[in-house]
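Reading the structure
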Amino acid sequence: MHKLTPKAEQEAAIVRMSSEETGAALNGSTMGAGKTLTGVEVAKRIGAQTVLVIAPLGTRLGWKVTFERQGVTLPFRWINSTADGKQALADWQWQLPGIYFIGVEYFVRLGWDGKARSTAWTKVADLVMFDEAHRGQNRNSKTYKTLKQVKAGYKMSMSGTPSGNKFEGAWAVTKWLWPNVIPNSFHNWAKIWCKFEYSYFSPGGKRIDGEREPGAFFNSLPCYIRMESELNVDLIEDTKYVELSAPQRKAYSNLEKNMMTWVEGNPLVVEFPITLRARLRQASLGMFSVGDEGEVSFALDCKSTKIDAMLEVLQDDWDGEPALILTDSRKFADVVVARLGDKARAWHGNVSQAQREKTKEEFIGGSVDYVVAVTSAIAEGVDGMQHATRNILWLSRSDNRILNEQAMARVFRQGQTRQVRSVEIIAVDTYDSGVLSSQLEKAIEMNKILKEGK
């Protein structure tokens, strides 16, 4: 592998971060702009000998390869629950030179002994990098509370959407980086940077409604980097509309009006609005079944107008080209894989990391044509899909706008050489129709906030 030479904009960012006197940086660059490369180069240039990388598991190989490619000879260790992983943790605690990678979930688990903080993260590393840092934006979460335990000579967070879905998430992300710069009180910080709107149900009768002056807070930080990926390929987006089958429409309408429906003699009763939303989304995907205990599932041969439309797009519009197929439902993803046969693989929470990596290799190699993924499972840290396909098909979107954007970037990213085609299948007069417009509004507002100095 040849060493990568940073582009001019990347080099400027590396120099800026390497020389930052506060010993911290927030890299808010968009996906595909080279956050991993710039992070590795900063590690090299500050001479870091003990480096802790906290990141989604799917990014591990990308980090390992980039460190090796850029000429870093420190051993790359993976802290996990295996014997080798436990030895890596022991070496970390002895502060032996090396690159120590750990998944976010295991990082949090090791940070606690019951309800009390453990001593796992009391050592002071030369450099700690938190990839996909929006995972720590909730100030009340264990992720943020664990991160607060970590001290380092240099701290770096990386995320194209560091504040998550809401601007107030910016406080926790930046408080870890600059504890002496960001106010200790979240509420005092919010009074300075946030705008509010009336809310009968919120304390004090008001709630946060975004940033007072979009972009002002991030532009005020000691070291905020924002590079935007410039792809030389077009993105063509299209929408296919379908009507629900008669049984689907009946179930959908009954749930919407009465919060209950009958399916093949079995009742399905919904008690809470959040559960109703999930059931409506399932009904728009395919005709579900209800078990004796009220559990919802999909038969492999269930009626689905979305699957019918999907097959038309894959065969007629895309001439059988490989595709990444996305949905928010794990159960429905398994149905789609079964319909597509041997050339399809599932990618969701019940698929091991080892199997995911094998699936990616097969997809890139051409022995697998379709990866059917739950959006939340594939959204973060998966590189290489752009070499396997240019096609993305959405059966349903996640309610989380960030996950949708990240999932899109598995294919529409640096290294893609062909025009990218994205098709979303929407069931008319269903919950599908409302997701897109609200998320578009949120995306526009968040883009204003994150633009550096704009």
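What you see is a predicted model; the values in this text were computed from it and never measured. (Residues numbered from 1 in each chain as written. Predicted model: local features only at pLDDT ≥ 70, side-chain atom pairs only at ≥ 80, totals over all residues. Heavy atoms only, no water.)

**Observations concerning the packing of helix H1 (residues 8–18) against helix H2 (residues 35–45)**
Our working definition: Where helices are involved, their axes are fitted lines through C-alpha atoms of the stretch in contact, as for all axes, and angles between N-to-C directions lie from 0 to 180°. Helix numbering and strand numbering both begin at the N terminus, where a helix is a DSSP run of H or I of at least 4 residues and a strand a DSSP run of E of at least 2. Any angle from 65 to 115 degrees is called roughly perpendicular, while one under 35 is roughly parallel, one over 145 is roughly antiparallel, and all others are oblique. Less than a right angle of anticlockwise turn of the near helix away from the far helix marks a crossing as left-handed, whereas a clockwise turn marks it as right-handed. In this analysis, two residues are considered to be in contact whenever any of their non-hydrogen atoms come within 4.5 Å of each other. Amino acids are sorted into nonpolar (Ala, Val, Leu, Ile, Met, Phe, Trp, Tyr, Cys and Pro), charged (Asp, Glu, Lys and Arg) and polar (every other residue, Gly among them).
Running from amino to carboxyl end, H1 crosses H2 at an angle of 45 degrees, the nearest separation of the two axes being 9 Å. Accordingly, the angle class assigned to the pair H1 and H2 is oblique. Relative to H2, H1 is oriented so that their crossing is right-handed. Contacts between H1 and H2 involve Gln10, Glu11, Ile14, Val15, Met17 and Ser18 on the former and, on the latter, Leu37, Thr38, Glu41, Val42 and Arg45. Here the contact of H1 with H2 is built from residues that sort into 5 nonpolar, 3 polar and 3 charged.

**Some details on the nonpolar core**
Condition: Buried Ala, Val, Leu, Ile, Met, Phe, Trp, Tyr and Cys residues form a nonpolar core when they are joined through side-chain atoms within 4.5 Å. Only protein chains enter the calculation, and the probe is 1.4 Å; a residue is then buried if its accessible area is under 20% of its type maximum, exposed if over 50%, and partly exposed in between.
Among the nonpolar cores identified, the biggest contains 71 residues, and Trp63, Phe67, Ile79, Trp121 and Trp189 are the most heavily contacted of them. Among all residues touching Phe67, those that are not within four sequence positions of it are Val40, Ala43, Val51, Val53, Val72, Phe76, Ile99 and Met129. Among the nonpolar cores identified, the runner-up in size contains 59 residues, and Val242, Leu255, Val374 and Ile378 belong to it.

**Regarding the pairing of strand E7 (residues 124–131)**
The test is simple: The rule for pairing is simple: two strands pair if DSSP sees at least two bridges between them. Look down the strands so they point away from you; if going from the first strand over the helix to the second traces a clockwise path, that crossover is right-handed.
Counting buried positions over the 8 residues of E7 gives 6, a clear majority of the element. In terms of strand pairing, strand E2 (residues 50–55) meets E7 through 4 bridges, oriented parallel. Considered in E7, the bridge of Ile54 is made with Phe130. Judged from the 7 bridges that link them, E7 and strand E8 (residues 151–158) form a sheet pairing that is parallel. Residue Val128 lies in a different strand from E8, and its bridge partner there is Lys155. For the crossover from E7 across helix H6 (residues 142–147) to E8, the handedness is right-handed.

**Some details on the packing of aromatic side chains**
To keep things clear, this is the line we draw: Any Phe, Tyr or Trp ring, taking Trp's six-membered ring, that has another such ring centre within 6.5 Å forms a pair; planes under 30 degrees apart are called stacked, those over 60 apart edge-to-face, and the others tilted. Cation placement over rings: the criterion is NZ of Lys or CZ of Arg within 6 Å of the ring centroid and within 35° of the ring normal.
For the structure on display, the rule yields 16 aromatic pairs. A centroid spacing of 5.4 Å and a plane angle of 25 degrees characterise the contact between Phe167 and Trp189, whose relative ring orientation is stacked. Pair noted here: Phe167 is in the loop between E8 and helix H7 (170–177) and Trp189 is in helix H8 (residues 186–193), with a separation of 22 residues, a long-range link. When its relative accessible area of 2% is taken as the criterion, Phe167 is described as buried. Within the aromatic cluster, the residues linked to one another by ring pairs are Tyr144, Phe167, Trp171, Phe186, Trp189, Trp193, Phe217, Phe218 and Tyr224. One Lys or Arg, Arg60, reaches over the ring of Trp78 and ends 4.0 Å from the middle of that ring.

Honestly, it's all geometry; don't read function into it.
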